[in-house]
Amino acid sequence: MPMEWSELVRLTGGASFTVERVKLADNDISIEGSFTLPPLAELQADDQIFVAAFVGVHGSIKDMERLFGISYPTVKARLDRLAERLKMVEVSRTAVSDEREDVLSRLEKGEISAEEALRRLGK
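For clarity, every value in this text was computed on a predicted model and none was experimentally measured.

**Things to note about the overall build of the chain**
And step 1. Counting its secondary structure elements, the chain contains 6 helices and 2 strands.
And step 2. Listed by position from the N terminus, the elements making up the chain come as α-β-β-α-α-α-α-α.
And step 3. Residues counted as buried form 16% of the 123 residues belonging to the chain.
And step 4. A separation threshold of at least 6 residues defines the contact pool for the chain, and within that pool the share at least 24 residues apart is 26%.
And step 5. Looking at the chain as shown, the accessible area adds up to about 9,500 Å², and 56% of this sits on carbon and sulfur atoms.

**Topic: the confidence of the model for the chain**
In low-pLDDT segments, the atomic positions of the prediction should not be examined closely.
And step 1. Chain-level pLDDT for the chain is 83 on average; 87% of the residues reach the 70-or-more range.
And step 2. Looking across the chain, the model is least confident in helix H5 (residues 89–108), with a mean pLDDT of 70, and most confident in helix H3 (residues 61–68), with 96.

**As for the packing of aromatic side chains**
And step 1. If you walk through the whole model with that rule in mind, you get 1 aromatic pair.
And step 2. For the pair Phe-50 and Phe-68, a centre-to-centre distance of 5.0 Å together with 45° between the ring planes defines the contact as tilted. Of this pair, Phe-50 sits in helix H2 (residues 45–56) while Phe-68 sits in helix H3, and the two are 18 residues apart along the sequence.

**Details of the pattern of salt bridges**
And step 1. On inspection of all chains with the given rule, the structure shows 9 salt bridges.
And step 2. Note that Arg-21 and Glu-32 form a salt bridge whose closest N and O atoms lie 3.6 Å from each other. Of the two residues, Arg-21 is situated in strand S1 (residues 19–24) and Glu-32 in strand S2 (residues 29–35); the sequence distance between them amounts to 11 residues. Taken as a pair, Arg-21 and Glu-32 share a single burial class, namely exposed.
And step 3. With a closest N to O distance of 2.6 Å, Glu-116 and Arg-120 form a salt bridge. Here the residue Glu-116 and the residue Arg-120 both occupy positions in helix H6 (residues 114–120), the gap between them amounting to 4 residues, near one helical turn.
And step 4. The class for Arg-120 is partly exposed, based on a relative accessible area of 32%.
And step 5. A single network of salt bridges, built from pairs that share partners, joins Asp-46, Asp-47, Arg-78 and Arg-81.

**Overview of the environment of Arg-85**
And step 1. Considering the arrangement of structural elements, one finds Arg-85 in helix H4 (residues 72–85).
And step 2. Note on Arg-85: relative accessible area 42%, which makes it partly exposed.
And step 3. Distance in space between the C-alpha atoms of Arg-85 and Glu-42 is 9.4 Å, their sequence separation being 43 residues.
And step 4. When sequence neighbours within four positions are dropped, the list of residues in contact with Arg-85 reads Glu-42 and Leu-43.

The rules behind the values
Residues numbered from 1 in each chain as written. Predicted model: local features only at pLDDT ≥ 70, side-chain atom pairs only at ≥ 80, totals over all residues. Heavy atoms only, no water. Helix = DSSP H or I, 4+ residues; strand = E, 2+ residues; numbered from the N terminus. Buried < 20%, exposed > 50% of the residue type's maximum accessible area, 1.4 Å probe, protein only. Contact = heavy atoms within 4.5 Å. Areas by Shrake-Rupley, 256 points an atom, 1.4 Å probe, with all protein chains shown as cover. pLDDT = per-residue confidence, 0-100. Phe/Tyr/Trp six-rings, centres within 6.5 Å; stacked < 30°, edge-to-face > 60°. Salt bridge = Lys/Arg side-chain N within 4 Å of Asp/Glu carboxyl O.

Following this line, the structure appears as structure tokens:
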């Protein structure tokens, strides 16, 4: 019987680990090597559930408040902590900010129309 992911995380106590053998269930083929885990797999099980729920409610903080029975600041703090853990927070904020500034600058110079600026900003 295959081990549940949450059981593996519990056994390792949250310590970093590397997967060295993968077995394909349907055809009994095994692959050995050193496999690094994707960032989401390295999160604790409760954080994985939180991320999955956030995606499931399409990023609605209000729905997260209701679903988990927690306040807006608590949802935001947990998302910030998870984003930092996944090393995505600065990259995404910088990319969005740079793109927004470029669009607004081009609009101000008359290089693009207001309609085009709104389209590029996703409004």
